Amino acid sequence: MSTSFAVPAPRSAMLLRRRIATYFVGGVEEVPGLVGALAQDGRLVHELSVDIRDGVRESSMVCAVLLAGDEIEPLLERLRALPSVVSSELA
């Protein structure tokens, strides 16, 4: 007698739009590296806003990225590991 078991199909993680705020030094030259880290693994970056002001040490970048819940912390850690990043967090 053979027994077969139905194996559930793998479920893709539900992607939610997460707003991420990143504070960085180095000015406009750092923006391509920041966006590259966000877009790594084919992620789409939406609603990108960058604030760079003369005479202010830190600049800020806020955007939305579609992420599964288990992808949030690794992405924030990847951003925080960049030399120009002061902090990165959910906004």
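Cut-offs applied
- Residue numbers here run from 1 along each chain, matching the order of that chain's written sequence.
- A pLDDT threshold of at least 70 governs which residues receive local features in this predicted model, and a stricter bar of 80 or more applies before side-chain atom pairs are shown or counted, although totals over entire chains, interfaces and linings include all residues.
- With hydrogens and water set aside, each side-chain value is computed from the structure's full complement of heavy atoms.
- Put simply, DSSP H or I for four residues or longer makes a helix, DSSP E for two residues or longer makes a strand, and each gets a number counted from the N terminus.
- Three exposure classes are used, based on accessible area relative to the maximum for each residue type with a 1.4 Å probe and protein chains only: buried under 20%, partly exposed in between, and exposed over 50%.
- The contact definition used throughout considers only heavy atoms, calling two residues in contact when any of these lie within 4.5 Å.
- Methods summary: accessible areas were calculated by the Shrake-Rupley approach with a probe of 1.4 Å, and residue burial reflects only the protein chains presented.
- Being paired, for any two strands, means DSSP has found at least two bridges between them.
- When we speak of the arc, we mean the arc of directions from the helix axis to the C-beta atoms.
- A pairing counts as a salt bridge when a side-chain nitrogen of Lys or Arg comes within 4 Å of a carboxyl oxygen of Asp or Glu.

1. Side note on the overall build of the chain
- Each helix and strand counted, the chain has two helices and four strands in total.
- The secondary structure elements of the chain, listed N-terminal to C-terminal, are β-α-β-β-α-β.
- Expressed as a percentage of the 91 residues in the chain, the buried residues total 30%.
- Residue pairs at least 24 apart in sequence account for 69% of intrachain contacts in the chain once pairs closer than 6 positions are excluded.
- Accessible surface for the chain amounts to roughly 6,200 Å². Of this, 56% is attributable to carbon and sulfur atoms.

2. Some details on the pairing of strand 3 (residues 59-67)
- Within strand 3, eight of the nine residues are buried, leaving the element largely enclosed by the surrounding structure.
- Two strands pair when backbone bridges link them, and strand 1 (residues 16-24) and strand 3 are joined in this way by nine bridges, in the antiparallel orientation. Across the sheet, the residue bridging to Tyr23 is Ser60, located in strand 3.
- Of the strand pairs in this sheet, strand 2 (residues 45-51) and strand 3 are connected by five bridges, and their pairing is antiparallel. Residue pairing across strands places His46 opposite Ala64, the latter belonging to strand 3.

3. A few points about helix 1 (residues 31-39)
- Listed as buried for helix 1 are Val31, Leu34, Ala37 and Leu38. For helix 1, the angular spread of the buried residues around the axis is 130°, confining them to a single face.
- Following helix 1 by one or two positions, Asp41 has its phi on the positive side, about 70°.

4. Here we look at the environment of Val65
- Tracing the sequence through the fold places Val65 in strand 3.
- Relative accessible area serves as the criterion here: at 0%, Val65 is assigned to the buried category.
- Measuring from C-alpha to C-alpha, the distance between Val65 and Ile20 comes to 7.6 Å, with 45 residues separating the pair along the chain.

5. Quick notes on the pattern of salt bridges
- Inspection of every chain in the model, using the stated rule, returns seven salt bridges.
- In this structure, Glu47 engages Arg17 in a salt bridge whose closest nitrogen and oxygen atoms are separated by 3.2 Å. Note that Glu47 is positioned in strand 2 and Arg17 in strand 1, a separation of 30 residues in sequence.
- A salt bridge links Arg80 to Glu73; the shortest N-O distance between them is 2.9 Å.
- Residue classification places Arg80 among the partly exposed positions, given a relative accessible area of 33%.
- Of the residues examined, Glu73 reaches a relative accessible area of 41% and is grouped as partly exposed.

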